[in-house]
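Architecture and fold: a report
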Amino acid sequence: MRNFNDAIILVTGAASGIGAATATSLAANGAKKLILADLDEGSLADFAFSLPCERQLLIGDVADERLWSNADLTGLTHAVVNAGIGAGGTIEEMHFEEWRRVQSANLDGAFLSLQAAMRSIRANGGNGAIVLTASVSGIKAEPGTAAYGSSKAGVIQLARIAAREGASARIRVNSIAPGGVETPIWNTVPFFTDLVAETGSEEAAYRAMSANAPLGRFAKPAEIAGQILFLLSEDARFITGTCLVSDGGYSL
Ligand code: NAD
């Protein structure tokens, strides 16, 4: 258990996967209030209903400035900048619109969410923590991941620069770079859906994709959530500007 008793925490991409697992864990660890952002209004409302704490919903695209200019982030102490989309395709075959769509959701969205969170935490007297969800694809150069990997490399550097800029208000900023995690994001990635068709199930596709990684499996969303809570918590109070690679050794 970690103590988030007086915390008011923004989680983006909270309706599913890693974001939902993180919000669940924060609520279980005493968060006073969760501000949950997602495009998917129905899923977010259903999910938020189950949480045992005060919650506020922000429905819309994190890459739309209007979402943030209308958002009430009063009293914010922590943020998990997590919303993102998957993508696949080589540089030579990718359409520019697809490249732009990925940069918009993953990098523009992270920038605007981070900016809103830093401004609010500073206005609230500072002393907070932020985690951005990057990816091991932002570190390891894998064919077919140009758009996604470049957006996530951007997220890692954004967190590093934010760590330097936020330090004057005692705001710590870190990123996490998960390897494969069992979430619905994979259903939108063509090479994964092809593999599901080949192997017969999502579980078999996860196993096939991690066969060469040292720990030989995908992570569960709750495992990544636990590491995000560590980075947000007082246990990580001397850690800022780092990227925690959580990939079962995949990138070694
Ligand atoms: P997910 O699809 O289960 O959840 C992502 C959530 O973000 C969804 O609810 C979706 O509606 C929301 N979202 C997407 N774009 C949005 C936007 N522009 N505005 C508002 N909400 C938006 O996926 P996940 O795996 O939980 O992904 C969470 C984060 O983790 C993403 O940034 C993803 O890139 C990253 N990540 C995932 C994996 C993995 O293997 N699942 C690995 C590394 C990093």
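Residues numbered from 1 in each chain as written. Predicted model: local features only at pLDDT ≥ 70, side-chain atom pairs only at ≥ 80, totals over all residues. Heavy atoms only, no water.

Concerning the UniProt feature "domain: Ketoreductase" (unreviewed entry) in the protein chain
Taking the numbering used here, the UniProt-annotated feature "domain: Ketoreductase" (unreviewed entry) corresponds to residues 7-189. Taken end to end, residues 7-189 comprises 41% helix and 19% strand; its first and last C-alpha atoms sit 35 Å apart. (UniProt positions renumbered as here; feature names shortened; annotations may be inferred. Helix = DSSP H or I, 4+ residues; strand = E, 2+ residues; numbered from the N terminus.)

Side note on the environment of Gly 86
For Gly 86, the position within the fold is in the loop between strand E4 (78-81) and helix H4 (96-123). Once you skip the residues sitting within four places of it in the chain, Gly 86 turns out to touch Arg 101, Tyr 148, Ile 185, Thr 188 and Val 189. (Contact = heavy atoms within 4.5 Å.)

A word on the pairing of strand E3 (residues 54-59)
Sheet topology note: the strand E2 (residues 33-38)/E3 ladder contains six bridges and is parallel. Paired with Ile 35 across the two strands is Gln 56, which belongs to E3. Handedness of the E2-helix H2 (residues 41-49)-E3 crossover: right-handed. (Pairing = 2+ DSSP bridges. Right-handed = clockwise from strand over helix to strand, strands pointing away.)

Looking at the pattern of salt bridges
One pass over the structure, following the stated rule, counts six salt bridges. One salt bridge connects Glu 142 with Lys 140, and the closest N-O pair in it is separated by 3.7 Å. The salt bridge partner of Glu 182 is Lys 220, with a shortest N-O separation of 2.9 Å. Placement of the pair is Glu 182 in the loop between strand E6 (171-178) and helix H6 (190-199) and Lys 220 in the loop between helix H7 (202-209) and helix H8 (221-232), with a sequence separation of 38 residues. Residue class for Glu 182 comes out partly exposed when judged on its relative accessible area of 25%. Residue classification places Lys 220 among the partly exposed residues on the basis of a relative accessible area of 45%. (Salt bridge = Lys/Arg side-chain N within 4 Å of Asp/Glu carboxyl O. Buried < 20%, exposed > 50% of the residue type's maximum accessible area, 1.4 Å probe, protein only.)

Details of the sheet that holds strand E7 (residues 243-246)
Reading across the sheet, the seven strands line up as E3-E2-E1-E4-E5-E6-E7 and stay open at both edges, with parallel pairing between neighbours. Each of the sheet's edge strands pairs with one partner strand only, and the pair in question is E3 and E7. Looking at each pair of strands side by side, their axes are set apart by 15 degrees on average, direction ignored. One ladder, built from three bridges, connects strand E1 (residues 8-12) with E4; its direction is parallel. Bridge pairing in E4 places Ile 9 opposite His 78. (Axes fitted to C-alpha atoms, helices over the stretch in contact; angles between N-to-C directions.)

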